[in-house]
Amino acid sequence: MKLMRYVATGLVVAGLLAAGCSLPPETPLSRQDLARTNIYRTYKIEESPEAVLNALNRQGEVVLEGHYRQRPVYIKLLATSEGIEVTHYNR
């Protein structure tokens, strides 16, 4: 009985961890998709657009360091079926 409870708990935890991981997009993102976000106009980012696209197409999400209105921020890009979702957080 205890063994069954541990196995069930382990499966639930493994399922939650797998659901929290990001996946690469079904169709590769293009440079135009990245340009629609206007991140290079809104933020100061050192990484090249090609490097950002490669990371998004391989991992499905990327976190960049940048500046927004003279403040250092983390910029999170998430590849979704509708396009690229952008959020930023203070560093």
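For the structure, see preceding data.
In what follows, the accompanying structure is described. A quick note: this is a predicted structure, and the numbers were derived from the prediction, not measured. (Residues numbered from 1 in each chain as written. Predicted model: local features only at pLDDT ≥ 70, side-chain atom pairs only at ≥ 80, totals over all residues. Heavy atoms only, no water.)

**Quick word on the packing of aromatic side chains**
Selection criterion: To pair, rings of Phe, Tyr and Trp, with the six-membered ring standing in for Trp, must have centres within 6.5 Å; the planes then decide the type, stacked if under 30 degrees apart, edge-to-face if over 60, and tilted in the middle. Numbered from the N terminus, helices here are DSSP runs of H or I no shorter than four residues, and strands are runs of E no shorter than two. Per-residue accessibility, obtained with a 1.4 Å probe over protein chains only, is compared with the maximum for each type, and a residue is labelled buried under 20%, exposed over 50%, and partly exposed between these values. Only when the NZ atom of a Lys or the CZ atom of an Arg is both within 6 Å of the ring centre and within 35 degrees of the ring normal do we say a charge sits over the ring.
Per the stated rule, a full pass over the model turns up one aromatic pair. Taking 5.5 Å as the distance between ring centres and 50° as the angle between the ring planes, the aromatic pair formed by tyrosine 43 and tyrosine 68 counts as tilted. You can see tyrosine 43 sitting in the loop between helix H3 (39-42) and strand S1 (44-45) and its partner tyrosine 68 sitting in strand S2 (residues 61-68), a full 25 residues away along the chain. In this structure tyrosine 68 comes out as buried when scored by relative accessible area, which is 17%. Sitting above the plane of the tyrosine 74 ring, arginine 91 keeps its charged end 5.8 Å from the centroid.

**Description of the sheet that holds strand S3 (residues 71-80)**
What counts here: For two strands to count as paired, DSSP must find a minimum of two bridges between them. We call two residues in contact when some of their heavy atoms are within 4.5 Å. Structural elements are reduced to axes, namely lines fitted to C-alpha atoms, with helices fitted over the stretch in contact, and the angle between N-to-C directions of any two is expressed from 0 to 180 degrees.
One open sheet holds the four strands; their spatial order is S1-S2-S3-S4, and the pairing between them is antiparallel. In the strand order of this sheet, the two ends are held by S1 and strand S4 (83-90), each with one partner. In this sheet, S3 lies alongside S2 in antiparallel orientation, the contact comprising eight bridges. Across the sheet, glutamate 65 pairs through a bridge with tyrosine 74, a residue of S3. Seen against the sheet, helix H4 (residues 49-59) touches S2, S3 and S4 and runs at an angle of roughly 145° to S2.

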